[in-house]
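Chain by chain, the residues:
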Amino acid sequence: MTQTETYSSILLFGKTGQVGGQFARLGATLGNILAIDRATCDLTSETAVRDFILRAAPGCIVNAAAYTAVDKAESDEAACFAVNAHAPGAMAAAARELGIPMVHYSTDYVFNGEKRTPYVETDPTGPLGVYGRSKLEGEQRITAVGGEAVILRTSWVYGAEGQNFLRTMLRLGAERPELRIVADQVGSPTSSQAIAAATVRILEAGPLSPGVYHMTAAGSTSWFGFAEKIFALAEMPSMPKLVPIATEDYPTPAKRPRNSVLSNEKFAGTFGFRLAAWDESLTKEMEKVNLASPTLTKP
């Protein structure tokens, strides 16, 4: 049986998100992608999620859907947990019932960020806010179900399209002469394209090795360093001045982990490859931005 036959039908949740949109495009090499959004299936209803999966009877599930408004989640806990915890649990249960594999994306926010070295999968968790707690519970529900489920923790997701740090920096940089950027939070910016491509590679190789894995770009930087690199690569008529600030100087409803760097050793040992360095991937994303955005073209 070929790999295409194995995954002739892949049910993708979250087709309008950053990673989902990329997987819908790149995953087509695996076979038929049934890409849906929340208008098609109500992710706040575990029954609706289960029934939809059983009716579709796919050969694999990829869950790229999530409640990602980190600050809004602090005052919208029920909706956040419904999408990030309850729905993934229902997906895993349906996948187990059908005997099919599942890929689910999680986050560095399951940790409190106090560790000084990269986090490994066995490190104690300690989310700082609602979003992190909801994603952790989603992991726990999937794990409790069992089955052939792979949970991929990633971090600082961005891309040439969608709502993310890169796009926000370019928009604000075109509007303001000076930007104040947090410099004491460290992580590994990981492009949505790299995440989707790695997921396709994992599914192509199959069968899946169930468990939790850290999957981020290699290397690390601060938000300030990330912004510096973005503007170094941006083809803009003028650049804003970047000012490094402390976390305390930019208060938000939800606390962010200071250290979001994840060790990819388990992932590399299991799947046999690593994601490219964060700045290498950023260069590729900025090439797309510069080609597609006339407002960023140098005079």
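Residues numbered from 1 in each chain as written. Predicted model: local features only at pLDDT ≥ 70, side-chain atom pairs only at ≥ 80, totals over all residues. Heavy atoms only, no water.

A. A look at the environment of Ala246. Among the secondary structure elements, Ala246 is positioned in the loop between β12 (241–245) and α9 (265–271). Each C-alpha atom of the pair Ala246 and Thr125 lies 24 Å from the other, and the pair is 121 residues apart in sequence. With residues up to four places along the chain from it excluded, the contact list for Ala246 reads Val182 and Asp184. (Helix = DSSP H or I, 4+ residues; strand = E, 2+ residues; numbered from the N terminus. Contact = heavy atoms within 4.5 Å.)

B. Structural context of the pairing of strand β3 (residues 60–63). The two faces of β3 match: Cys60 and Val62 on one face and Ile61 and Asn63 on the other face are all buried. Relative to β3, strand β1 (residues 9–13) runs parallel, the two being bridged by 4 bridges. Looking at β3, one finds that Ile10 is bridged to Cys60. As defined by bridge partners, β3 adjoins strand β4 (residues 102–107) across 3 bridges and the pair is classed as parallel. Paired with Val62 across the bridge in β4 is Val103. Handedness of the crossover joining β3 and β4 through helix α4 (residues 77–98) is recorded here as right-handed. (Buried < 20%, exposed > 50% of the residue type's maximum accessible area, 1.4 Å probe, protein only. Pairing = 2+ DSSP bridges. Right-handed = clockwise from strand over helix to strand, strands pointing away.)

C. Expanded view of the environment of Gly17. Relative to the helices and strands, Gly17 is located in the loop between β1 and α2 (18–26). Counting along the chain gives 47 residues from Gly17 to Ala64, while the straight-line C-alpha distance between them is 7.2 Å.

D. Representation of empty space enclosed by the protein within the structure. Overall, the coordinates contain 3 cavities of 30 Å³ or more when judged by the stated rule. Around the largest cavity, the lining residues are Ala92, Ala95, Arg96, Ile100, Pro101, Met102, Gly146, Gly147, Glu148 and Ala149. With 3 residues, α4 is the single largest residue contributor to the lining of the largest cavity. Its residues assigned to classes, the lining of the largest cavity shows 6 nonpolar, 2 polar and 2 charged. (1 Å grid on protein atoms, 1.4 Å probe; cavity = no way out; pocket = protein on both sides within 12 Å on 5 of 7 lines; lining within 4 Å. Points joined across faces, edges and corners; volume = space filled by probe spheres on them. Nonpolar A, V, L, I, M, F, W, Y, C, P; charged D, E, K, R; others polar.)

E. Region of the structure containing the state of the cysteines. Per the counting criterion, the structure on display carries 0 disulfides. Unpaired in terms of disulfides, Cys41 finds its nearest cysteine sulfur in Cys60, a separation of 16 Å. Using a relative accessible area of 3% as the deciding quantity, one classes Cys41 as buried. (Disulfide = S-S within 2.5 Å.)

F. Spatial organisation of the side chain of Asp123. One can find Asp123 in the loop between β4 and α5 (130–145). Its relative accessible area of 17% is what places Asp123 among the buried residues. A distance of 2.5 Å separates the side chain of Asp123 from the side chain of Lys115, its partner in a polar contact. In terms of polar contacts, Asp123 uses its side chain to reach the backbone amide nitrogen of Val120, at 2.8 Å. Beyond its immediate sequence surroundings of up to four residues, Asp123 is in contact with Phe111, Lys115 and Pro118. (Polar contact = N/O pair within 3.5 Å; in protein donor to acceptor, adjacent residues only side chain to side chain.)

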